[in-house]
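Close look at the chain arrangement
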Amino acid sequence: MTTAVQSSMSPATAALFADYVVPNYTRYPVSLERGEGSWVWDDQGQKYLDFFPGWGCNLLGHCPPRVVEAVQKQVATLIHVPNTWHTEVQGRWAKLLSERAFPGAKAFFCNSGAEANEAAIKLIRLHTPESRYKIITFTGGFHGRTMGAVTATAQPKYHEGIGPLVAGFEYAPFGDLAAVEALIDDHTAGFLVEPIQGEGGVRLAPEGFLQGLRDLADRHGLVLAFDEVQAGCGRTGHWFAFQHFGVTPDVMTLAKSLCGGVAGGAMLVKSELAPSLRPGMHAATFGGNPLAAAAGIATIETIEEVGLLQRAGELETLFRERLEPQVEELPIAAEFRACGVMIGLELLTPGAPIVQACMERGLLINCTQNTVIRLLPPLTLTDEELHAGCDILIDALRNHTPS
Ligand SMILES: *Cc1c(COP(=O)(O)O)cnc(C)c1O
């Protein structure tokens, strides 16, 4: 049974959406108007504590002051110029990312996670001999909605009715090295994998799995690409999730929180791969535009000056202290998983009613894979906000009566 969702929005806005917006999203009947830090307000004046700000894009909370200021300054100076020109701001952004990723890393800029993965897919094929085109990806992974990225996404529900898919992708179970090895043949070009699956339910790569992929890639001359669109840019307490595992990829894709809530994407590649994306083979008109670059730089500077990488670890500990005991205490809670502020609580029952109950009590959270409560809170969350939100969530879980 689904409970009726309480509406909190102006009827005029509801009518605009009903009449003029493609209904491809399941939207709550709430219209958000303003955000500040960990809080967001709807157009009826309701206030919400946001543990899922911007679907993981707002890692610094809503409207982080330094990003706001950098964009305001940049927007009045130069909004957009194409990549037929150089801009100092794009070059400086690339340097800051490279220095935090791996030695010699070079950046290609785009505007979203799917676009970053499309670039990676092309680069994997361009960098390897023409006979090598197959890319192995992993069950439960998520790489975006464009045709290449969605084909790379090994989840049948995202493929229904849109075929034929892009040729040359093969799927292996996440964590199963023997299955990967069995798929490798003379046509294999590389791997695309999330070190921590996000949409797949906050699942960390099992011990030794990424190193095993690295070894297979090195042995067979394949390209190892990590999709860090959700886990990257400081969320896990390191700049990039791969740094937890001590395994360096050849290619890494970024988006979501890359620009502190402004749209932006990037692919970082080892310098020896960079020339393979040769002039004329790939482009993004808005990629690396001055607004995204200024926001991206301000995001990195904020994280470092406030010491937010360290804060990610503190927040993980606090969330763990509050939520992990629930697995013992509540019959519906099955497992707690976390890395920094990437947090999953797996339930034995659908999570949608919990999301609904929390929203009615002023807390925004998410549920993925039907039963995993997912939190992607901002690094700027205070202890007080953390406890206030956990109180609501735990209460909602306790009062839940499975239908
Ligand atoms: C969100 C996401 C994407 C897709 O990003 P878009 O910006 O929506 O295209 C790709 N990979 C991962 C891991 C993601 O979480």
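Residues numbered from 1 in each chain as written. Predicted model: local features only at pLDDT ≥ 70, side-chain atom pairs only at ≥ 80, totals over all residues. Heavy atoms only, no water.

A few words on unusual backbone geometry. Across the chain, the bulk of peptide bonds are trans and the bulk of non-glycine residues have phi less than zero. With an omega dihedral of 0°, the bond running from Gly163 to Pro164 counts as a cis peptide bond. Its place among the elements puts Pro164 in the loop between helix H5 (147-152) and strand S6 (169-172). For Cys233, which is not a glycine, the phi torsion comes out positive at approximately 70°. Inspection of the secondary structure assignment puts Cys233 in the loop between strand S10 (223-227) and helix H8 (242-245). Given the relative accessible area of 5%, Cys233 is considered buried. You will see that Lys256, though not glycine, has its phi angle at about 35°, which is positive. Within the secondary structure, Lys256 sits in the loop between strand S11 (251-254) and strand S12 (265-269). (Helix = DSSP H or I, 4+ residues; strand = E, 2+ residues; numbered from the N terminus. Buried < 20%, exposed > 50% of the residue type's maximum accessible area, 1.4 Å probe, protein only.)

This part takes up the sheet that holds strand S1 (residues 32-36). Spatial strand order, S1-S2-S3-S15: four strands in an open sheet with mixed pairing. Two strands bound the open sheet, and with one partner strand each, they are S1 and strand S15 (363-364). As paired elements, strand S3 (residues 47-50) and S15 share two bridges and run parallel to each other. Looking at S15, one finds that Asp50 is bridged to Leu364. (Pairing = 2+ DSSP bridges.)

Per the UniProt record, "binding site: pyridoxal 5'-phosphate" (unreviewed entry) is found at Gly113, Ala114, Phe142, Asp227, Glu228, Val229, Gln230 and Thr285. In sequence the annotated residues extend across 173 residues, and in space they extend as well, their farthest C-alpha pair lying 24.7 Å apart. Along the polypeptide, Ala114 turns up in helix H4 (residues 113-127). Owing to a relative accessible area of 16%, Ala114 belongs among the buried residues under this scheme. Apart from the residues lying within four places of it in its own chain, the contact partners of Ala114 are His143, Gly144, Arg145, Thr146 and Ala149. Within the secondary structure layout, Glu228 lies in the loop between S10 and H8. Excluding anything up to four places from it in sequence, Glu228 contacts Pro195, Phe240, Ala241, Phe242, Met252, Thr253 and Leu254. (UniProt positions renumbered as here; feature names shortened; annotations may be inferred. Contact = heavy atoms within 4.5 Å.)

Looking now at the site of the ligand. Residues in close proximity to the ligand include Ser112, Gly113, Ala114, Asn117, Phe142, His143, Gly144, Glu194, Asp227, Val229, Gln230 and Lys256, which together make up its full environment. For the ligand, an oxygen atom lies 2.8 Å from a polar atom in the backbone of Gly113. The leading source of residues in the shell around the ligand is H4, at three residues. Considering only residue class, the shell around the ligand consists of three nonpolar, six polar and three charged. (Near = heavy atom within 4 Å. Polar contact = N/O pair within 3.5 Å; in protein donor to acceptor, adjacent residues only side chain to side chain. Nonpolar A, V, L, I, M, F, W, Y, C, P; charged D, E, K, R; others polar.)

When cut into domains, the protein chain gives domain 1 (11-63 + 307-399) and domain 2 (65-306). Centre-to-centre separation of domain 1 and domain 2, based on C-alpha positions: 25 Å. Taken together, the two surfaces of domain 1 and domain 2 that pack against each other cover about 2,400 Å², and 63% of this comes from carbon and sulfur. Inspection of the region where domain 1 meets domain 2 yields one salt bridge. Put simply, Arg203 and Glu346 hold a salt bridge, and the shortest N to O gap is 3.5 Å. Inspection of the region where domain 1 meets domain 2 yields 14 residue pairs in polar contact (both at pLDDT 80 or more). When residues of the side of domain 1 that touches domain 2 are traced back to their parent elements, those giving at least two are helix H10 (308-329), strand S13 (333-339), strand S14 (342-347) and strand S17 (372-375). (Domains from an automatic or database assignment. Buried area = accessible area lost by both parts, 1.4 Å probe. Salt bridge = Lys/Arg side-chain N within 4 Å of Asp/Glu carboxyl O.)

Okay, the pattern of salt bridges next. The full count for this structure, using the stated rule, is 24 salt bridges. Where Arg214 meets Asp250, a salt bridge forms, and the shortest distance between an N and an O atom there is 3.1 Å. Separated by 36 residues along the polypeptide, Arg214 in helix H7 (residues 209-220) and Asp250 in the loop between H8 and S11 bring together distant segments of the chain. Take Arg214: its relative accessible area is 9%, and that puts it in the buried class. For Arg337, the salt bridge is made with Glu346, and the minimal N-O distance between the two is 2.9 Å. Each member of the pair Arg337 and Glu346 is classed as buried. Each of Lys95, Glu99, Arg100 and Glu304 takes part in salt bridges that share partners, so that together they form one network.

To continue, consider the packing of helix H2 (residues 65-75) against helix H9 (residues 290-306). At a minimum axis distance of 8 Å, the contact between H2 and H9 shows a crossing angle of 155°. The angle between H2 and H9 falls in the class roughly antiparallel. Note on packing geometry: the crossing formed by H2 with H9 is right-handed. Contact residues: Arg66, Val67, Ala70, Val71, Gln74 and Val75 in H2; Pro290, Leu291, Ala294, Ala295, Ala298, Thr299, Glu301, Thr302 and Glu305 in H9. Within the contact of H2 with H9, the residues separate by chemical class into nine nonpolar, three polar and three charged. (Axes fitted to C-alpha atoms, helices over the stretch in contact; angles between N-to-C directions. Parallel < 35°, antiparallel > 145°, perpendicular 65-115°, else oblique. Left-handed = near helix turned anticlockwise from the far one by under 90°.)

Right, let's get into the packing of H10 against helix H12 (residues 383-398). Between two packed helices, both the angle of their axes relative to each other and the distance between the axes serve to describe the pair. At their nearest, the axes of H10 and H12 sit 11 Å apart, and the two run at 20° to each other. What the angle tells us is that H10 and H12 run roughly parallel. Seen from above, H10 lies across H12 with right-handed handedness. For the pair H10 and H12, contact is made by Arg311, Leu315, Leu318, Phe319, Arg322, Leu323, Gln326 and Glu329 and by Asp383, Leu386, His387, Cys390, Asp391, Leu393, Ile394 and Arg398, respectively. When grouped by side-chain class, the residues that make up the contact of H10 with H12 number eight nonpolar, two polar and six charged.

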